[in-house]
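Below are the chains, spelled out letter by letter.
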Amino acid sequence: MKTFFTVIIITVFQSLSLRAYADTSTTVKPITTNPWQEVVVSTYDIDEAARFFLEIAEYEMIWRGEEDKAFLNHLGLDKNTTAQSMVLKAKGTKFGYIRLIEIKGQKQTPIRPGARPWDTGCYTSIMMRASNLEQIYDDAIRMSWWTETPITDLEFGPSKLKIVIFKGPQGLQIEAYERLSPPLPESFPKFDRLSLPFNIMQTVKNRENSRKFFIDMLGFDTFFYGNEPTVAKEAAQMPLGIPINLTTTSRYQAGILYPQKSEVGRVELVEFMDLEGEDYAANCHAPNFGILSIKFPVASAKLAKQELINRGLSDNPEISKITIAPYGDINIFSIKTPDGANIEFYSIEK
């Protein structure tokens, strides 16, 4: 059975026929060549959300404290708002951080309320590699997390995998992938239970429009871009929760992009072609609950902004000067993908 989770399949099968790929190379210089530095998640209780990362993923807390007013202003929040944050990371890593932010003083609503994977808009989930997924599953359920489906087995050629989507507080979703065989590449950062986030997913209205944004505007490269829509060959459980009787007819298309070739720092686009859901693109902003943004470092925020405008960016985003742990003084601006997801670019003040 082919599944939506092409990221694993394509990673395993680098030697598959090139006919599975579209020619989507770009000649536009990338705005950044770095993986995304952090993902920002708005949650009602950072301690509740952090338990999964600290106790199950065995991450480290590298900072906790009150967010600067200038940062809250950058998020579009008013002067009466306050926020506490906790920054977490996988051991031994220098990027792929998770910033949990608890915002007080403004009305909040879920970014993707009750959303299913085929609902479009904003970010759907954060993606991690896993080891001993069955034990992680048991631990997460006891911690009051839930899942989209049970753990799903996947065999694709010689590769054997297990996949599940964990659903946590206020719309926080983690997709966990365990590759049973063959082993991950040596270049992938080491981990014991859950890895650093290596990818982040968006469900999009139009995959090609989103691809053009990342390729033509941001200068990203293509890891995978399937030419033909995918359906399952046999009716079976699949991790995204498509009803079993529809898995052989419900089509979807995926694409995976990155600033430069790497096992990490990726973004994934998925378009469901037959399942119609809600569109939550208008909800992708603070103080709402859920995955708010990802941040990419650049050499100069000012130059990056100007280059994006030169390439046709319709907005003129404001560059904010803020202090944010653990990076210090930075210049930062934010833009939106065609489906409302926020991408921030920042440079360290010197």
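Placed above this text is the structure.
Residues numbered from 1 in each chain as written. Predicted model: local features only at pLDDT ≥ 70, side-chain atom pairs only at ≥ 80, totals over all residues. Heavy atoms only, no water.

A. Molecular detail of the overall build of the chain. Secondary structure assignment for the chain yields 6 helices and 17 strands. In terms of overall dimensions, the chain is globule-like: its C-alpha atoms have a radius of gyration of 19 Å, near the 20 Å expected for 350 residues. Reported as C-alpha extents along the three principal axes, the dimensions of the chain are approximately 55 × 50 × 40 Å. Burial analysis of the chain (350 residues in total) assigns 57% to the buried set. Sequence separation of at least 24 residues holds for 71% of the intrachain contacts in the chain that already meet a minimum separation of 6. In the form shown here, the chain has an accessible surface area of approximately 14700 Å², with 48% of it arising from carbon and sulfur atoms. (Helix = DSSP H or I, 4+ residues; strand = E, 2+ residues; numbered from the N terminus. Rg over C-alpha atoms; globule rule 2.2 N^0.38 Å. Buried < 20%, exposed > 50% of the residue type's maximum accessible area, 1.4 Å probe, protein only. Contact = heavy atoms within 4.5 Å. Areas by Shrake-Rupley, 256 points an atom, 1.4 Å probe, with all protein chains shown as cover.)

B. Main features of the nonpolar core. Counting residues in hydrophobic clusters, the biggest one holds 80 residues, and the most contacted among them are Phe-52, Phe-53, Phe-166, Leu-218, Ile-343 and Phe-345. Excluding residues that lie within four positions of it along the chain, Ile-343 makes contacts with Tyr-123, Phe-213, Phe-214, Leu-218, Ile-294, Phe-296, Phe-333, Ser-334, Ile-335 and Thr-337. (Core = buried A, V, L, I, M, F, W, Y, C linked by side-chain atoms within 4.5 Å.)

C. Spotlight on the sheet that holds strand S15 (residues 320–324). The strand order across the open sheet formed by 8 strands is S2-S3-S4-S1-S14-S17-S16-S15, and the pairing between neighbours is mixed. Looking at strand neighbours, the two that pair on one side only are strand S2 (60–66) and S15, the edges of this open sheet. Across the sheet, the axes of successive neighbouring strands diverge by a mean angle of 30 degrees, strand direction being ignored. Looking at chain direction, S15 and strand S16 (residues 328–336) are connected through 5 bridges and run antiparallel. (Pairing = 2+ DSSP bridges. Axes fitted to C-alpha atoms, helices over the stretch in contact; angles between N-to-C directions.)

D. The pairing of strand S17 (residues 342–348), seen in detail. S17 sits mainly inside the fold: 6 of its 7 residues count as buried. Note: S16 against S17, 7 bridges, orientation antiparallel. Its bridge partner lying in S17, Asn-331 is registered against Ser-347. Where S16 hands over to S17, the hairpin turn is made up of 5 residues, of which Gly-340 adopts a positive phi near 85 degrees.

E. Geometry of the packing of aromatic side chains. By the definition in use, this model includes 18 aromatic pairs. For the ring pair Phe-188 and Phe-198, a centre distance of 6.2 Å and an interplane angle of 75 degrees mean the geometry is edge-to-face. Separated by 10 residues along the polypeptide, Phe-188 in the loop between strand S9 (173–181) and strand S10 (194–203) and Phe-198 in strand S10 bring together distant segments of the chain. Take Phe-198: its relative accessible area is 0%, and that puts it in the buried class. Between the aromatic rings of Phe-220 and Phe-296, the centroid separation amounts to 5.7 Å while the plane-to-plane angle is 75 degrees, which identifies the pairing as edge-to-face. Here Phe-220, found in the loop between helix H5 (207–217) and strand S11 (221–225), pairs with Phe-296, found in strand S14 (residues 290–297); they are 76 residues apart in sequence, far enough to count as distant. Judged on exposure class, the residue Phe-220 and its partner Phe-296 are both buried. Members of the aromatic cluster, connected to one another through ring pairs, are Phe-213, Phe-214, Phe-220, Phe-296, Phe-333 and Phe-345. (Phe/Tyr/Trp six-rings, centres within 6.5 Å; stacked < 30°, edge-to-face > 60°.)

F. Seen up close, helix H2 (residues 46–56). All of the buried residues in H2 are Ile-46, Ala-49, Ala-50, Phe-52, Phe-53 and Ile-56. For H2, the N-terminal capping position is held by Asp-45, with its side-chain oxygen 2.9 Å away from the main-chain nitrogen of Asp-47. Two residues or fewer after H2 comes Glu-58, characterised by a positive phi angle close to 60 degrees. (Polar contact = N/O pair within 3.5 Å; in protein donor to acceptor, adjacent residues only side chain to side chain.)

G. Examining the pairing of S10 more closely. The buried fraction of S10 amounts to 10 of the 10 residues, a majority that puts the element mostly inside the structure. With 5 bridges joining them, strand S5 (residues 125–130) and S10 adopt antiparallel strand pairing. Bridging from a neighbouring strand, Met-127 pairs with Asn-199 of S10. Across 5 bridges, the pairing between S10 and strand S13 (residues 266–272) is parallel. Within S13, the position partnered with Ile-200 by the bridge is Val-267.

H. Structural context of the state of the cysteines. Summed over all chains, the structure comprises 1 disulfide. Residue pairing for Cys-122: its cysteine sulfur links by disulfide to Cys-284, the two sulfurs lying 1.8 Å apart. Across the disulfide from Cys-122 to Cys-284, rotation about the S-S bond amounts to roughly -90 degrees, and the bridge is consequently left-handed. Remark: Cys-284 occurs in the loop between S13 and S14 and Cys-122 occurs in the loop between strand S4 (97–104) and S5; sequence separation between them is 162 residues. No difference in accessibility class separates Cys-122 from Cys-284, as the two residues are buried. (Disulfide = S-S within 2.5 Å.)

I. Just the pattern of salt bridges, in detail. Taken as a whole, this structure holds 20 salt bridges when the rule is applied. Here Glu-67 ties to Arg-99 by a salt bridge, and the two come within 3.0 Å at their closest N and O atoms. One end of the pair, Glu-67, is in the loop between S2 and helix H3 (69–74); the other, Arg-99, is in strand S4, with 32 residues separating them in the sequence. Put simply, Asp-274 and Arg-251 hold a salt bridge, and the shortest N to O gap is 3.0 Å. Of this pair, Asp-274 sits in the loop between S13 and S14 while Arg-251 sits in the loop between S11 and strand S12 (252–258), placing them 23 residues apart in sequence. The network of salt bridges with common partners includes Glu-38, Glu-67, Arg-99, Lys-295 and Glu-344. (Salt bridge = Lys/Arg side-chain N within 4 Å of Asp/Glu carboxyl O.)

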